[in-house]
Amino acid sequence: GCGKGFLLYEFLKIIPDSEIFGLDISKYAIENSKPEIKNKLTLGNANQLPWPDNYFDLVISINTLHNLYSYDLSRSLKEIERVGKKNKYICVESYRNEEEKANLLYWQVTCEAFNTPKEWHWWFQETCYTGDYSFIYFE
């Protein structure tokens with residue numbers, strides 16, 4: 001879910017010799033991305049990543065997986081695990097109580113994966129995801 005690639009552009013500013021790639025489901029986002037990285041962005045879905053096994057030194061997914069239905073969430077987590085060598089990081093929205101759940105519902109109109117931290121842990125375990133992760137709460 002790289003969108004227009006602003007974060008990837010920032011990575012290149014900090015580590016100019018790095019090789020980066022981004023993926024987004026939005027044709028509009030990729031067509032209107034930063035010109036400096038447009039050729040590194042791919043139109044696609046996270047449940048079928050177009051890279052070989054163990055390809056990346058670092059795989060990052062920030063606030064994207066909540067948009068997936070359960071069947072795609074499972075495949076996408078397995079794909080993140082598949083293409084990453086060792087270092088992986090996922091940040092997902094979560095809730096610990098009904099108030100945070102309501103806030104999440106109001107904030108994210110495209111959200112399909114509403115999970116508590118315990119449920120996210122289950123997803124990570126079920127899909128054999130071994131990377132790091134964190135949660136964002138809407139207090």
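This text gives an overview of the structure that appears in the document. Starting from 1, residues in each chain are numbered consecutively following that chain's sequence as written. In keeping with the model being predicted, local features are shown solely for residues with a pLDDT of at least 70 and side-chain atom pairs are shown and tallied solely at 80 or more, while totals for entire chains, interfaces and linings include all residues. To obtain the side-chain values, all non-hydrogen atoms of the structure were included, while hydrogens and water were left out.

**Things to note about unusual backbone geometry**
Reasoning step 1: Backbone geometry places Asn-63, a non-glycine residue, at a positive phi of 55°.
Reasoning step 2: Numbering of helices and strands runs from the N terminus; a helix is a DSSP stretch of H or I covering at least four residues, while a strand is a stretch of E covering at least two. Following the sequence through the fold, Asn-63 ends up in the loop between β3 (56-62) and α3 (70-83).
Reasoning step 3: One non-glycine residue with positive phi stands out, namely Cys-128, at about 60°.
Reasoning step 4: Considering the arrangement of structural elements, one finds Cys-128 in the loop between α5 (117-126) and β5 (132-136).
Reasoning step 5: For the exposure calls, accessible area comes from a 1.4 Å probe over protein chains only, and a residue counts as buried if that area is under 20% of its type's maximum, exposed if over 50%, partly exposed in between. According to the relative accessible area criterion, Cys-128 is exposed, its value standing at 53%.

**Remarks on the layout of surface pockets**
Reasoning step 1: In this analysis, the protein atoms alone were mapped onto a 1 Å grid. Cavities are point sets where a 1.4 Å probe fits without being able to get out; pockets are open sets with protein on both sides within 12 Å along at least five of seven lines; lining residues have an atom within 4 Å of a point. Grid points are joined across faces, edges and corners, and a volume is the space filled by probe spheres set on the points. What the largest pocket holds in volume is close to 1,000 Å³.
Reasoning step 2: The wall of the largest pocket is formed by 34 residues, among which Leu-8, Phe-21, Gly-22, Leu-23 and Ile-60 lie closest to the centre.
Reasoning step 3: Of all the secondary structure elements, the ones that give two or more residues to the lining of the largest pocket are α1 (6-14), β1 (22-24), β3 and α3.
Reasoning step 4: Ranked by residues supplied to the lining of the largest pocket, first place goes to β3 with seven residues.
Reasoning step 5: Side-chain classes are defined by residue name, with Ala, Val, Leu, Ile, Met, Phe, Trp, Tyr, Cys and Pro counting as nonpolar, Asp, Glu, Lys and Arg as charged, and the others, Gly among them, as polar. Counted by class, the lining of the largest pocket contains 22 nonpolar, nine polar and three charged residues.

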